[in-house]
Amino acid sequence: MKYLVSTKWTCSQIVYRTSKIPTMMKNSFQIELFPDEILLEIYQYLHCGHVLYSFYNLNLRLNRTIINYCQYVILRRLTYQQFRYLYSNILPKIGHCIRSLTINRLQQQEFLENFTLNIKNIFPNLEILAIDDWKNVDLFPFINNHLTKLEYLRRIVIRGLRKSIEVNSFVNIIDDYNQLLEMISKNPQIETILFEPDCYSMTLFNTKKLSTIYSNLIQINLSLSTSNDLLYFAFLFPTIRRVNVIIEELLPIEQDIIPFQCLTHFSLDTMNSPSKLESVLTIFQLIPTVEYLSLVLLTEDDRLLYGKDLLCNTLSLKSFQYAVYFSSSVNYSFDPQEFLRSWKSLQIIYTINKDQKKTYILIHTVPYPSILLNLQSISSNKFGAKERDQVYNCIQYLYITQVKNLKETFAILQHCRKIQDLTIQIDENESIRSVPSNSEFTPFIVKLKRLKILSVSGLVDNWYHFKQLILSADNLSTLCLDVQCAIKLFEIDDKEIFFPGVIHLFLDGRKTNVKFTSEHIYQLARIFNRIHSLKIKYRNDDIIEGKTLGEILDYCKHLIVFSMNGQLSENIPTDDLSQWLMQHSFRLKKLEKNYQIQLIDDSIQIWL
């Protein structure tokens, strides 16, 4: 195979060079003739599940390369039939080689049924477990009852954790406390637990006697309801060394403070509700041993703008990172010279902007200290840092509110080039209609190469600007829109607006009574012609129509997962939804029941 001598070729180069092989040779060409280096290069262009489904068990040599490559298993974009095959025939055989595994909500039931009783023997070397979009009533019992058997498990990553809606608020409070307590006490081998920012905020409250656990846990990331919950957490786990916490409401702690004993790294983010100086100072009493501190605050207390009340508490720190987003009346007077003097030698910058009602001031150390940034769109007028300074490169989650038109967000995006998740909330009450869709008026927008999730709440004012935003994100895979906004998109006469990279689409119709027509569904399938998953969320009392479900399944040819919430008519048998749906979908008839239909929380979910 003289055509395949370089191990640094890309897949496209491989295809090009093999196209030069004589016809007879190409007809008998076999993929196992590639050296291992080329096979591994090919695998990098495919999803883990597709590699396992397509190549495993073809021969022993391919099996060896796959086992070495697929040690970090994330099963995505698989049909229900492909997934069942992998879970039944392949994962039990290669489980001993898997070091990292991700289980999402779709796979939850199959995993619990097939692996939990024998998880120690199937995944004996598992080190990292990621769990996506589970409910708390399912997640905590699974972790508490089964993971203790995995002796090499060191890290758990939890994304999109949801509360069970059937449980009343008091039980939820007790459940958070007891389940977290049990989770850590029963799994002493775990060193890191990461609840991602999209998990719900826990409330750690207990009327009984509190317990203290001296565990091996080194780090935890989590969201809490109030600062009092952080006090309970410190009592529960006094020996933990790293805590990154998001607190919904920072209040003064009115109880006796029992501080962390070994905490060296602590970061606090309270960008959801205003904080006061007194509340922040009580946090310092809780963390006397901290050496690396990061505080990101939202406030209306101007004492938090100046350093004189804070620096005296940071003298023993090896590192202090700080950010405050301050808002006040439009006539607020800010003294830049006093501000800089108050922070002494600490490198800190500020941005001041005003609208007709308020003054907004963003101050922070350099670089910006958090992966989260929540801004009103008015801040796009001016930034205290230059674009080339890369001050905001650490930001992964950017939330821009009070947007009047899309164009004004572009100035913020110039600074935040490495964001992964962008949410834009367009203020419909103050929306300013942009200029006509003409490239002449479109400002330059940088490439957002890491942006994967884009959420737009409200009506887009200019579709050309929206198109430019989409084109700037080469790796965008998930798009969230309001139903009213999506219908406007379907009705515009612009054949050049399409979304080839978007494979996950979420349409939120809870703010409107408008429903999709057959023409809307046809346009949806045309514009989003490669979507693999679609979620439409209406109001819970809306009726789910079989005709709409059938048209979506038939028109969207690549659709694998589809869910829509609402109520089913009384004459529809919930124990056999497939018979009802097959009356409306030719595609389901052809699949011969090789799919899954579930009714979960007033939503019908179909996995093809």
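Residues numbered from 1 in each chain as written. Predicted model: local features only at pLDDT ≥ 70, side-chain atom pairs only at ≥ 80, totals over all residues. Heavy atoms only, no water.

(A) View of the overall build of the protein chain. Counting its regular elements, the protein chain contains 20 helices and 22 strands. Burial statistics for the protein chain: of 608 residues in total, 53% are counted as buried. Long-range contacts, defined as pairs at least 24 residues apart, comprise 73% of the intrachain contacts of the protein chain with a sequence gap of at least 6. In the form shown here, the protein chain has an accessible surface area of approximately 28800 Å², with 49% of it arising from carbon and sulfur atoms. (Helix = DSSP H or I, 4+ residues; strand = E, 2+ residues; numbered from the N terminus. Buried < 20%, exposed > 50% of the residue type's maximum accessible area, 1.4 Å probe, protein only. Contact = heavy atoms within 4.5 Å. Areas by Shrake-Rupley, 256 points an atom, 1.4 Å probe, with all protein chains shown as cover.)

(B) Layout of the confidence of the model for the protein chain. Summing up the model confidence of the protein chain, the mean pLDDT is 86 and the portion of residues at 70 or higher is 88%. In the model, residues 1–26 has pLDDT below 50 throughout and makes 32 contacts with residues more than four positions away in sequence or in other chains. A low-confidence stretch, residues 432–440 (pLDDT under 50), is modelled with 18 contacts involving residues beyond four sequence positions or located in other chains. (pLDDT = per-residue confidence, 0-100.)

(C) Structural view of the packing of helix α4 (residues 48–55) against helix α6 (residues 80–94). It is at 10 Å that the axes of α4 and α6 come closest, and there the two elements cross at 80 degrees. In terms of orientation, α4 and α6 fall into the roughly perpendicular class. For the pair formed by α4 and α6, the contact residues are G49, L52 and Y53 on the first element and Q82, Y85, L86, I90 and I94 on the second. The class makeup of the residues in the contact of α4 with α6 is six nonpolar, two polar and no charged. (Axes fitted to C-alpha atoms, helices over the stretch in contact; angles between N-to-C directions. Parallel < 35°, antiparallel > 145°, perpendicular 65-115°, else oblique. Nonpolar A, V, L, I, M, F, W, Y, C, P; charged D, E, K, R; others polar.)

(D) Representation of the pairing of strand β22 (residues 603–607). In terms of residue burial, β22 counts as a mostly covered element, since five of its five residues are buried. Side chains S603, Q605 and W607 of β22 all project onto a buried face; the interleaved residues I604 and I606 project onto the opposite face, where all are buried too. Two strands pair when backbone bridges link them, and strand β20 (residues 561–565) and β22 are joined in this way by five bridges, in the antiparallel orientation. Within β22, the position partnered with V561 by the bridge is W607. Pairing of strand β21 (residues 596–600) with β22, which is carried by five bridges, proceeds in the antiparallel orientation. The residue bridging Q598 from the neighbouring strand is Q605, located in β22. Between β21 and β22, which pair antiparallel and follow one another directly, the connecting turn spans two residues, one of which, D601, has a positive phi of 50 degrees. (Pairing = 2+ DSSP bridges.)

(E) Main features of the layout of surface pockets. Approximately 640 Å³ is the volume attributed to the second largest pocket. Considering the residues around the second largest pocket, the lining is formed by 32 residues, among which N244, S267, P369, S370 and I371 are closest to the centre. Of all the secondary-structure elements, those providing two or more residues to the lining of the second largest pocket are β5 (192–195), β6 (219–226), β7 (242–249), β8 (265–275), β9 (292–299) and β10 (319–329). Per element, the largest residue contribution to the lining of the second largest pocket is five residues, and it comes from β8. Across the lining of the second largest pocket, the residue classes break down as 18 nonpolar, 11 polar and three charged. (1 Å grid on protein atoms, 1.4 Å probe; cavity = no way out; pocket = protein on both sides within 12 Å on 5 of 7 lines; lining within 4 Å. Points joined across faces, edges and corners; volume = space filled by probe spheres on them.)

(F) View of the environment of L448. Mapped onto the fold, L448 is located in the loop between β15 (421–426) and β16 (453–457). As for L448 and L476, which are separated by 28 residues in sequence, their C-alpha atoms are 8.9 Å apart. When near neighbours in sequence (up to four residues on either side) are disregarded, L448 contacts L413, C416, R417, L469, S472, A473 and D474.

(G) Quick look at the nonpolar core. In this structure, L180, F195, F233, F260, F266 and Y322 are the most contacted members of the largest nonpolar core, which totals 111 residues. Here the element with the most residues in this core is α6; it accounts for seven residues. Beyond its immediate chain neighbours, meaning those up to four positions away, F266 contacts L230, V243, V245, I283, I287, V290, Y292, L293 and S294. Counting residues in hydrophobic clusters, the runner-up holds 81 residues, among them Y368, L413, A525 and L534. (Core = buried A, V, L, I, M, F, W, Y, C linked by side-chain atoms within 4.5 Å.)

(H) Seen up close, the pattern of salt bridges. Scanning the model with the defined rule gives 14 salt bridges in all. The closest approach of N and O atoms between R84 and E110, which form a salt bridge, is 3.7 Å. Of this pair, R84 sits in helix α6 while E110 sits in helix α7 (residues 108–114); the two residues are 26 residues apart in sequence, bridging distant segments of the chain. Of the charged contacts, one joins E291 and K318 as a salt bridge, the two residues approaching to 3.5 Å between their closest N and O atoms. (Salt bridge = Lys/Arg side-chain N within 4 Å of Asp/Glu carboxyl O.)

(I) Spatial organisation of the sheet that holds β10. Read from one edge to the other, the open sheet built from 12 strands follows the order β1-β2-β3-β4-β5-β6-β7-β8-β9-β10-β12-β11, with strand pairing classed as mixed. Bordering the open sheet on either side are β1 (72–74) and β11 (348–354), each of which pairs with just one other strand. If you compare each strand with its neighbour and ignore which way they point, the axes differ by 10 degrees on average. For β8 and β9, the ladder comprises seven bridges, and the chain directions are parallel. Across the sheet, T270 pairs through a bridge with L297, a residue of β9. Across the face of the sheet, helix α11 (residues 227–236) comes into contact with β6, β7 and β8 while running at roughly 140 degrees to β6.

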